[in-house]
Amino acid sequence: MAQFDPRKVRNVGFAGHGGVGKTMLIERILYSAGLTTRLGSIEDGNTVCDYLEDEKDRKCSIAMKLVHLDWKGTRIHIVDHPGYTDFIGELCASSAVLDALVILVDATTGVQVGTDIAWKYAEKRQIPRAIFVNKLDREHTNFNEVVEKIQNAYGKHCVPIVMPIGQSANLSGVVNIVTGDASVLGAEAEKAKEAIVEVVAETDEALMEKYLETFELSQEEFDKGLQKGISTGKIIPIIAGSVTKGIGHEELLDIIANSFPNPLERTVVAKNSAGEDVVITPDPDGPFVAQVFRSMVDPFVGHLTYFRVFSGTLRSDSDFYNSSTQTKERSGKIVMLIGKEQKQIAEVGPGDIAAMTKLKNTHFGDTLTVSGNEIKLPTIELPRSMVKLAISPKSRNDEDRIGEALNRMAEEDPTFSHYRDNETGEHVIRGMGDLQIEILLNRMKRKYNVEAETRIPKVAYKETIRGKAEVQGKYKKQTGGHGQYGDVHLRLSPNERGGGYKFVDSIVGGVVPKQYIPAVDKGAQEALAKGVISGHPVVDIVVDLFFGSYHTVDSSELAFKIAASLAIQKGVREANPCILEPIMEITVTVPEDFMGDITGDLNSRRGRILGMEPVGGGLQQIRALVPESEILRYATDLRSMTGGRGTFDLKFSHYDEVPEFIAKDIIAAYEKSREAGNE
Ligand SMILES: Nc1nc2c(ncn2[C@@H]2O[C@H](COP(=O)(O)OP(=O)(O)OP(=O)(O)O)[C@@H](O)[C@H]2O)c(=O)[nH]1
Ligand SMILES: [Mg+2]
């Protein structure tokens, strides 16, 4: 396939709430462009994009997919994204790729949470966009009402350009009121066109002046102004359509081809090894620069790495350099995708989106370039994963393999990760939501034959003392032969919070011989690490060894270690012990209406509100301190409290005492489990 003129390339993402029809719109588009000979359906599980087993089972998209087509001489790459919030990471990951976004809105519902998420995503990255109002064939839909909802939410610079002819069951087509013959719509089209002239005038001061004087713009001023307004995101065209009826998608493609920006209009700034900015010019003859935005481990094709080229040209079977991992790589086969179908191509240039096979040391977000070019493209920002679960394999035989399987899945989905929690000793997985995790665990079973169980992770409680104690620990065994003898007197006192463990040697006159003192220290530490009242490590404690005795023959390091441990067991109990719990600082961002519910709920979780402030866009941010044990399922709870409109962030703040009534339960549970022989 010949190198395409980059000015004739468009990179577009489809986004929006779950179920608005993104995947079916692509199905329609591919069919119209002659790339498929039949129209698949979600119900039959035979669409080009939703080809994964889980997608067919659940009838929704789960991972991003790529297709490309040639539309009237323009090559359009489209990325399909899942709408469900658990998979929002997919949209973020492709920010390196997209030069524009089409946000779909369901005409039966209007603006939804998923619309907002896509809109904010595009605003933040200043990506030009269009809005496709789908399902206008459905009963009780009204295009003008949907437009009003869109304008109320996002502003008047969202203007209808492709309008419906008829509605619901009588929807018979659409017309582009700028380029087409809109006479069937009569005065309605005239009014809509007037609105477009106004927003075009608003994009430029000189145009505005002229418009205010004469109330009109020349055809050329209007055409150029509209095109530029759309390609810079100042004007958002609204397109009416119905995927089911095959209406509106061709008009959408025309707008993508004629008005969306080409890759040359996007400047990318990388950093060199000295931390200086390097502007990447999209020159086909310049040095090759590309970024990886997905890594797939496919049982049939092996490892497939998706990337977008920003500059230069890469041929198949040629060498290049991964400046992120600082390794040399070889391109192998280069393919462009239409769903799962791979089309081999000889080379790729600026703006192209393609995939390579068999890369060894290349991961999500890496910069690919030529040897010696030590630059890095900006990192791809992903949302923080807030759902944590402890995981263990169902069968002991799988213990080694589970780590490997989880690694592979984290490689494919950068919003998923796993680690060993040193405090609790548990293996923990992190993800965006329960559905994502469920799907990943199913895939682990299917692909890697590893079955796992998950549970709410343990809280890293600790113990400490609030008072002082003076205790003796004596270990004496003299039954025949060589005996054991160790005797220590310890003073226990609280250390400041966060001060950890401190050992003081106050022995005078060698009542505990020098060589045994490290054993006392060690014995104390081991006993403290095991915990005394609840099985959690004792922290923030000063252990002062002030007296003891020994036996010339029977004393040993072991005997002194045991003696110290006995003293600790007794002493901690006498020194007014308590349990400490981690307290998190939580920042919750929600629409104003939810403020009362959220603060009330945080209070009921033993939270302490630190402050609230508006953060723009009708959102409020609430900061609070909450015990970690109360918010282990907060991601799920907040979603259900706010219908997915709330977000939150967490960071560790400090340890604090667990209230008596809760400590009692923790201790009782520990004792029960100890009696059962589990501790
Ligand atoms: N009546 C009607 N139904 C439609 C239209 N477009 C899509 N649908 C139906 O809406 C459902 C969801 O369509 P999808 O294409 O899977 O939606 P999606 O936006 O890709 O959904 P996610 O991948 O879950 O985000 C399917 O059952 C489609 O047949 C339309 O124009 N009219
Ligand atoms: Mg879909």
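Throughout what follows, the structure given in this document is the object of discussion. Within every chain, residues take consecutive numbers counted from 1 along the sequence as written. Whichever chain is written first becomes A and whichever ligand is written first becomes 1, with later ones labelled in order. Only residues with pLDDT of at least 70 are given local features in this predicted model, and only at 80 or more are side-chain atom pairs given and counted; all residues enter the totals for whole chains, interfaces and linings. Based on all heavy atoms of the structure, the side-chain values leave hydrogens and waters out of the count.

## Remarks on the site of ligand 1
As a structural note, the neighbourhood of ligand 1 is formed by 20 residues, with Glu43, Ser61, Gly83, Asp137 and Thr244 the closest of them. We call two N or O atoms a polar contact when they sit within 3.5 Å, provided that within protein one can donate a hydrogen and the other can accept it, with sequence-adjacent residues counted only if both atoms are side-chain atoms. Threonine 23 places a polar side-chain atom, nitrogen or oxygen, 2.8 Å from an oxygen atom of ligand 1. Here the accessible surface of atoms and residues is derived via Shrake-Rupley with a 1.4 Å probe, and residues count as covered only by protein chains that are part of the display. Notes on ligand 1: free accessible area 650 Å², of which the protein chains cover 86%. At three residues, helix α1 (residues 22-32) tops the list of elements feeding residues into the shell around ligand 1. Three categories are distinguished: nonpolar for Ala, Val, Leu, Ile, Met, Phe, Trp, Tyr, Cys and Pro, charged for Asp, Glu, Lys and Arg, and polar for the others, with Gly belonging to the last. Partitioning the shell around ligand 1 into residue classes produces six nonpolar, nine polar and five charged. We call a residue near a molecule or strand whenever a single non-hydrogen atom of that residue lies within 4 Å of it. Only DSSP runs of H or I covering at least 4 residues are called helices, and only runs of E covering at least 2 are called strands; the numbering of each starts at the N terminus.

## A few points about the coordination of the magnesium ion (ligand 2)
In a perfect tetrahedron of four donors around a metal, the angles come out at 109.5 degrees. In a perfect octahedron of six, they are 90 or 180 degrees. Keep in mind that water is not among the atoms, so a site may look incomplete; donors are the N, O and S atoms within 2.8 Å of the metal, or 3.2 Å for Na, K and Ca. Distances from the magnesium ion (ligand 2) to its protein donors, Thr23 (OG1) and Ser61 (OG), fall at 2.0 Å. One end of the pair, threonine 23, is in helix α1; the other, serine 61, is in the loop between α2 (53-58) and β2 (65-71), and 38 residues separate them in sequence.

## Description of the sheet that holds strand β22 (residues 387-393)
Ordered in space as β23-β24-β22-β25, the four strands form an open sheet in which the pairing is antiparallel. Only two strands of the sheet have a single neighbouring strand rather than two, namely β23 (417-420) and β25 (452-455). Each adjacent strand pair in this sheet contributes to an overall mean axis angle of 35 degrees, direction not counted. Strand contacts of helix α10 (residues 399-412): β22, β23, β24 (427-431) and β25, with the helix running at about 145 degrees to β22, the strand carrying the most contacts. Residue contacts are defined here by distance: any two heavy atoms, one from each residue, within 4.5 Å place the two residues in contact. The convention used is that axes are lines fitted to C-alpha atoms, helices contributing only their stretch in contact, and that angles between N-to-C directions extend from 0 to 180 degrees. Each of β22, β24 and β25 is contacted by helix α11 (residues 434-448), which is oriented at about 20 degrees to β22, the strand it contacts most. Note: two strands are recorded as paired if DSSP finds a minimum of 2 bridges between them.

## Points about the pattern of salt bridges
When a carboxyl oxygen of Asp or Glu is within 4 Å of a side-chain nitrogen of Lys or Arg, the pair counts as a salt bridge. Going through the model one piece at a time under the given rule, you end up with 41 salt bridges. Here arginine 308 makes a salt bridge to aspartate 99, at a shortest N to O gap of 2.9 Å. With arginine 308 in strand β12 (residues 302-311) and aspartate 99 in the loop between α3 (88-93) and β4 (100-106), the pair connects residues that are 209 residues apart, well separated along the chain. Of the two residues examined, arginine 308 and aspartate 99, each falls in the buried class. Residues participating in the shared-partner salt-bridge network are Asp54, Glu412, Arg443, Arg446 and Lys447. Note on classification: 1.4 Å probe, protein chains only; a residue is buried when its accessible area is under 20% of the maximum for its type, exposed when over 50%, partly exposed between these limits.

## Some points on the sheet that holds strand β7 (residues 173-176)
In space, the eight strands of this open sheet follow the order β2-β3-β1-β4-β5-β8-β6-β7, with mixed pairing throughout. Because the sheet does not close on itself, it has two edges, and the strands there are β2 and β7. Here the average twist between neighbouring strands, direction ignored, is 25 degrees. Note that β4 and strand β5 (residues 129-134) share six bridges and pair parallel. Residue leucine 104 lies in a different strand from β5, and its bridge partner there is phenylalanine 132. Where helix α4 (residues 113-124) meets the sheet, it contacts β1 (9-15), β4, β5, β6 (158-165) and β8 (236-240), and its direction lies at approximately 160 degrees from that of β4.

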